[in-house]
Amino acid sequence: MTDRLKVAVFKMTGCAGCQMEFLRLEEELPYVLEIADIPYFVMAKRENLKGAYDVSFVEGSISTPRELEELKDLRERSKIVVAFGDCACHGCVPSILNWVPPGVAGKIVYDNFEAIHSKKESYQKICPLDEFVPVDIHLRGCPPHKNMILEALRSIALGAKPFLRHHPVCVECKLRENVCILTFEKRPCMGPVTVAGCGAICPTANRECEGCYGPMSDANASSLAQQFLKIGLARGDITRKFRKYAGITQAFAGEAGEQ
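Residues numbered from 1 in each chain as written. Predicted model: local features only at pLDDT ≥ 70, side-chain atom pairs only at ≥ 80, totals over all residues. Heavy atoms only, no water.

1. Some remarks on the side chain of His 90
With respect to the helices, strands and loops of the structure, His 90 is situated in helix α4 (residues 86-90). Polar side-chain contacts of His 90 include one of 3.4 Å to the side chain of Arg 140. If sequence neighbours within four positions are ignored, His 90 has contacts with Ser 95, Pro 128, Arg 140, Tyr 213, Gly 214, Pro 215, Tyr 245, Ala 246, Ile 248 and Thr 249. (Helix = DSSP H or I, 4+ residues; strand = E, 2+ residues; numbered from the N terminus. Polar contact = N/O pair within 3.5 Å; in protein donor to acceptor, adjacent residues only side chain to side chain. Contact = heavy atoms within 4.5 Å.)

2. Looking at the sheet that holds strand β3 (residues 53-59)
Pairing is parallel across the open sheet formed by 5 strands, whose spatial order is β2-β1-β3-β4-β5. The open sheet terminates on both sides in strands that have one partner only, identified here as β2 (36-41) and β5 (137-139). Averaged over all pairs of adjacent strands, the angle between strand axes in this sheet comes to 25°, irrespective of strand direction. Together, β1 (5-11), β3 and β4 (78-84) form the strand contacts of helix α3 (residues 65-77), whose direction differs from that of β4 by roughly 135°. (Pairing = 2+ DSSP bridges. Axes fitted to C-alpha atoms, helices over the stretch in contact; angles between N-to-C directions.)

3. Notes on the pairing of β3
Most of β3 sits out of view: 7 of its 7 residues are buried. Note: β1 against β3, 5 bridges, orientation parallel. Looking at the pairing, Ala 8 lines up with Ser 56 of β3. In this sheet, β4 lies alongside β3 in parallel orientation, the contact comprising 6 bridges. Residue Val 55 lies in a different strand from β4, and its bridge partner there is Ile 80. For the handedness criterion, the β-α-β arrangement of β3, α3 and β4 is classed as right-handed. (Buried < 20%, exposed > 50% of the residue type's maximum accessible area, 1.4 Å probe, protein only. Right-handed = clockwise from strand over helix to strand, strands pointing away.)

4. Brief notes about the pattern of salt bridges
By the definition in use, this model includes 13 salt bridges. When the shortest N-O distance is used, the salt bridge between Glu 208 and Arg 187 registers 3.4 Å. Of this pair, Glu 208 sits in the loop between α9 (201-204) and α10 (221-230) while Arg 187 sits in the loop between α8 (181-185) and α9, and the two are 21 residues apart along the sequence. Its salt-bridge partner being Arg 240, residue Asp 237 comes within 2.8 Å of it at the nearest N-O pair. Taken as a pair, Asp 237 and Arg 240 lie in helix α11 (residues 235-243) at a separation of 3 residues, close to a single helical turn. When its relative accessible area of 35% is taken as the criterion, Asp 237 is described as partly exposed. Arg 240 gets classed as exposed once you look at its relative accessible area, which sits at 52%. (Salt bridge = Lys/Arg side-chain N within 4 Å of Asp/Glu carboxyl O.)

5. Remarks on a nonpolar patch on the surface
Judged by side-chain polarity, Val 104, Ile 108, Val 109 and Tyr 110 come together as a nonpolar surface patch covering roughly 410 Å² of accessible area. The exposure class of Val 109 is exposed, given its relative accessible area of 58%. (Patch = residues over 30% accessible without salt bridge, like charges linked within 9 Å, V, L, I, M, F, W, Y side chains within 5 Å. Areas by Shrake-Rupley, 256 points an atom, 1.4 Å probe, with all protein chains shown as cover.)

6. Some remarks on the environment of Tyr 245
With respect to the helices and strands, the residue Tyr 245 is situated in the loop between α11 and α12 (250-256). Among the residues examined, Tyr 245 registers a relative accessible area of 13% and is labelled buried. Sequence-wise, Tyr 245 and Cys 92 are 153 residues apart; in three dimensions their C-alpha atoms are separated by 4.0 Å. Other than its neighbours up to four places away in sequence, Tyr 245 contacts Asp 86, His 90, Gly 91, Cys 92, Val 93, Cys 142, Glu 210, Gly 211 and Cys 212.

7. Structural notes on the packing of α10 against α11
Running from N to C, α10 and α11 cross one another at 140°; their axes reach a closest spacing of 10 Å. What the angle tells us is that α10 and α11 run oblique. In this structure, α10 crosses over α11, and the sense of that crossing is right-handed. Between α10 and α11, the residues in contact are Ala 221, Leu 224, Ala 225, Gln 226, Phe 228 and Leu 229 and Arg 235, Ile 238, Lys 241 and Phe 242, respectively. Residue classes in the contact of α10 with α11 are distributed as 7 nonpolar, 1 polar and 2 charged. (Parallel < 35°, antiparallel > 145°, perpendicular 65-115°, else oblique. Left-handed = near helix turned anticlockwise from the far one by under 90°. Nonpolar A, V, L, I, M, F, W, Y, C, P; charged D, E, K, R; others polar.)

8. Section: the packing of aromatic side chains
Scanning the entire structure with this criterion turns up 9 aromatic pairs. Residues Phe 22 and Phe 84 carry aromatic rings whose centres are separated by 6.2 Å and whose planes lie at 85° to one another, so their mutual orientation is edge-to-face. Of the two residues, Phe 22 sits in helix α1 (residues 17-23) while Phe 84 sits in strand β4, which places them 62 residues apart along the sequence. Each member of the pair, Phe 22 together with Phe 84, is buried. On the basis of an interplanar angle of 75° and a centroid distance of 5.3 Å, the ring pair of Phe 57 and Phe 84 is categorised as edge-to-face. Taken as a pair, Phe 57 in strand β3 and Phe 84 in strand β4 lie far apart in primary sequence, 27 residues in all. (Phe/Tyr/Trp six-rings, centres within 6.5 Å; stacked < 30°, edge-to-face > 60°.)

In structure tokens form, the structure reads like this:
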């Protein structure tokens with residue numbers, strides 16, 4: 001196939017877990033290589049070629065001036081930019097620092113915070129990609145399921161819009177015939193306001209959904225927060241739940257509190 005997609009994978013501020021999920025496309029790799037060439041993927045390749053790309057998967061949020069410049073340059077060289085994972089889509093766990101004074105967090109983690117070029121005077125927020133550049137596709141999740149990566153690649157190759165879910169995790173729970181953790185067990189599950197795509201992996205393992213895929217369409221965060229209060233969760237714990245993965249989104253901002 002001579003007209004394969006030129007696909008690049010980049011990392012900003014993140015844990016590299018989304019790139020690891022890309023590498024889990026093991027059985028699907030022959031199909032992927034039929035439709036895509038991967039000239040740039042530092043985590044997976046020794047030789048990486050910079051240039052123009054058809055698709056750029058960008059993992060991580062933006063937390064430094066260097067990352068911002070790299071992102072803007074990458075946007076100019078890419079036909080399609082994919083916000084790859086929850087850090088790139090919503091800020092995710094790194095965005096919790098938006099509620100913490102820079103000096104406080106820095107002194108806890110680093111011996112010399114002066115050497116760190118993020119969270120300083122001119123760069124106070126950790127932000128998702130679309131705060132700075134147009135994003136064509138949002139692959140949500142921490143990390144996105146590998147099937148979502150495959151769906152994005154397949155759709156782009158066909159010139160179609162990828163099928164990405166907008167309904168809540170609760171729908172997947174029902175399909176898997178799980179007992180509702182929130183209603184019947186009175187445990188603080190984020191499923192009612194979290195977008196599907198994970199297959200309800202946590203509730204199926206008898207764990208509350210933590211909300212790592214971010215808000216579903218028309219999420220009613222205030223209503224869920226009231227339910228959490230009724231089952232005995234403290235207000236501070238509720239705030240932290242909404243702040244953890246997507247607190248800077250408009251859908252969760254009311255419960256996550258002012259930054």
